[in-house]
Amino acid sequence: MSDLFSKFDPLIETREQLLATGLTDPFGLVMEEVISPTVAICNGKRTILLGTYNYMGMTFDPDVVAAGKKALDEFGSGTTGSRVLNGTYSGHKACEEALKDFYGTDHAMVFSTGYQANLGVISTIAGKDDYIILDIDSHASIYDGCKMGDAQIVPFRHNDIEALEKRLKRIPEGAGKLVVLEGVYSMLGDVAPLKEMVAVSKANGAMVLVDEAHSMGFIGENGRGVAEAQGILDQVDFIIGTFSKSVGTVGGFCVSNHPKFEILRLVCRPYVFTASLPPSVVATAATSIRKLMNSADKRAHLWENSKRLHAGLRQLGFQLGTDEPQSAIIAVIMPDLEKGAAMWEALLNEGLYVNLARPPATPAGMTLLRCSLCALHTEDQVGEILEMFAAAGRATGCIS
Ligand SMILES: Cc1ncc(COP(=O)(O)O)c(C=O)c1O
């Protein structure tokens, strides 16, 4: 019998070698207590959180928490059913109404996760004989959506408008084309040139789907994302998003003005063949989304935090993923996995949690320390964070 697990041997070996040095497992951290969106207790120690997706700090918002508790009391702990059977409660409809109001679209469909939203929408709308043209740095859920469908996959170089245009022009005339882009790319925190890319896509007869997972709530005047910030929201055919980042809970969605959009509720397998979100979750999501509509002050503060952290890290001598801060994600580039893991642990010992990211999640084989800021980080906390980076960076030899 051949062992089906032997394919994991290289990964097991790399991991064992790393842990044999005495390093704390960077992928096994436990949040023992969560005090606020920016502070938790890890290994018994007060730790500033700089590696969550809680961009707008909604997880402890009193209105959000109260809405969840009320729904739990009134509707119970779960729906025990698919959206198309017994799993659509008034809360799911209210959540979809909140999304339609947030984006100003005709349709909104809530999925159980953002992963499933990409999986479902991409695999359902781009079928056999269609083409999906996607940025090579796309999220795993986009790739998995492509794999699940039968369309031809045409990747292009990250954020390269000309490469996108070239690929589009090579596709047979009359074929169905879906261009898949992200607003903010989550590894380096860089923003897509959506305006130009959407123009090129439309000129070549393609529909466009934009995943705004990391921009919703923060980027754009009303927090509608990069498409709003670049003035092309009305030209995007499908926006995918998640509740697991700025919204502060779990779930995913797609919004659209396509007149036939509602048929997806019957043909999209990751929507049909899974249980719907619990009532408490959709209640927290709907409340959070409505509050995000009026959060201009928080958005402004988050931009200040992002600029302050980017400038401070650069001044300390770290190499960053972008020349300018473009989002709430600031990626610190590490020379290799060993140094990255050592730096990650040194930061944790200082009392700071960031994400250690490595291939295949990262582009170009990079090891990154991904810092994601929250609108509730105070100016003092950002100062503390920079002091911790300075101390850990010197202790590990990452900076001099
Ligand atoms: C770009 C992007 N799309 C989709 C998702 C999936 O979101 P969810 O956590 O809701 O499954 C993520 C999550 O990290 C993401 O980064």
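Conventions and cut-offs
Residues numbered from 1 in each chain as written. Predicted model: local features only at pLDDT ≥ 70, side-chain atom pairs only at ≥ 80, totals over all residues. Heavy atoms only, no water. Phe/Tyr/Trp six-rings, centres within 6.5 Å; stacked < 30°, edge-to-face > 60°. Helix = DSSP H or I, 4+ residues; strand = E, 2+ residues; numbered from the N terminus. Lys NZ or Arg CZ within 6 Å of the ring centre and 35° of its normal. Core = buried A, V, L, I, M, F, W, Y, C linked by side-chain atoms within 4.5 Å. Buried < 20%, exposed > 50% of the residue type's maximum accessible area, 1.4 Å probe, protein only. Contact = heavy atoms within 4.5 Å. Pairing = 2+ DSSP bridges. Axes fitted to C-alpha atoms, helices over the stretch in contact; angles between N-to-C directions. Polar contact = N/O pair within 3.5 Å; in protein donor to acceptor, adjacent residues only side chain to side chain. Patch = residues over 30% accessible without salt bridge, like charges linked within 9 Å, V, L, I, M, F, W, Y side chains within 5 Å. Areas by Shrake-Rupley, 256 points an atom, 1.4 Å probe, with all protein chains shown as cover. Salt bridge = Lys/Arg side-chain N within 4 Å of Asp/Glu carboxyl O.

(A) Spatial organisation of the packing of aromatic side chains. Across all of its chains, the model carries 11 aromatic pairs by this definition. Summarising the aromatic geometry, the rings of Phe243 and Phe253 are spaced 5.8 Å apart at their centres and angled 25° between planes, so their arrangement reads as stacked. A residue pair is termed long-range when its members are at least 10 positions apart, and Phe243 in the loop between β11 (238-242) and β12 (252-256) and Phe253 in strand β12 qualify at 10 residues. Three or more aromatic residues link up through ring pairs in this structure, and these residues are Phe102, Tyr103, Phe243 and Phe253. Between Lys7 and the ring centre of Phe8, over which it is positioned, the NZ or CZ distance is 5.5 Å. The ring of Tyr53 carries Lys245 above its face, with NZ or CZ at 3.8 Å from the centroid.

(B) View of the nonpolar core. Counting 91 residues, the largest nonpolar core has Leu99, Phe243, Leu309, Leu369 and Phe389 as the members making the most contacts within it. Per element, the largest residue contribution to this core is seven residues, and it comes from helix α13 (residues 337-350). Setting aside its immediate chain neighbours within four residues, Phe389 contacts Leu50, Leu313, Leu316, Phe318, Val332, Met343, Leu347, Leu352, Val354, Leu369, Cys371 and Ile399. Residues Phe111, Ile240, Phe261 and Leu264 belong to the second largest nonpolar core, which totals 22 residues.

(C) Quick peek at the sheet that holds strand β1 (residues 33-36). Ordered by their spatial adjacency, four strands build an open sheet running β1-β2-β3-β14, and the pairing between neighbours is mixed. Either end of the sheet is taken by a strand with one partner, and the two such strands are β1 and β14 (352-353). Strand direction decides the pairing type here: strand β2 (residues 39-42) and strand β3 (residues 45-49), joined by four bridges, are antiparallel. Note on β3: the bridge partner recorded for Ala40 is Thr47. The strands that helix α14 (residues 379-396) touches are β2, β3 and β14; relative to β3, the one it contacts most, it runs at about 105°.

(D) Quick peek at the pairing of β1. As judged from the three bridges shared by β1 and β2, these two strands associate in the antiparallel manner. Paired with Val34 across the two strands is Ala40, which belongs to β2. Linking two consecutive strands that pair antiparallel, namely β1 and β2, is a turn of two residues.

(E) Region of interest: the side chain of Asp61. Along the chain, Asp61 turns up in the loop between β3 and α2 (62-75). A polar contact of 3.0 Å, which involves the side chain of Asp61, links it to the backbone nitrogen of Asp63.

(F) Spotlight on a nonpolar patch on the surface. Residues Val84, Leu85, Ile263, Leu266 and Val267 make up a contiguous nonpolar surface patch of about 500 Å² in total accessible area. Residue position: Leu266 is located in helix α9 (residues 264-267). In this structure Leu266 comes out as exposed when scored by relative accessible area, which is 63%.

(G) View of the pattern of salt bridges. Per the counting criterion, the structure on display carries 15 salt bridges. As a salt-bridge pair, Lys128 and Asp129 come within 3.8 Å of each other at their nearest N and O atoms. The residues Lys128 and Asp129 share a single accessibility class, namely exposed. When the shortest N-O distance is used, the salt bridge between Arg265 and Glu262 registers 2.6 Å. The network of salt bridges with common partners includes Arg83, Lys93, Glu96, Glu262 and Arg265.

(H) Fine view of the pairing of strand β16 (residues 367-372). With six of six residues buried, β16 is to be regarded as a mostly interior element. Going residue by residue along β16, you find Thr367, Leu369 and Cys371 tucked away on one face and Leu368, Arg370 and Ser372 tucked away on the opposite face as well. Here six bridges tie strand β13 (residues 329-334) to β16, and the two strands are oriented antiparallel to one another. For Val332, the partnering residue across the bridge sits in β16 and is Leu369. Pairing between strand β15 (residues 355-357) and β16: three bridges, direction antiparallel.

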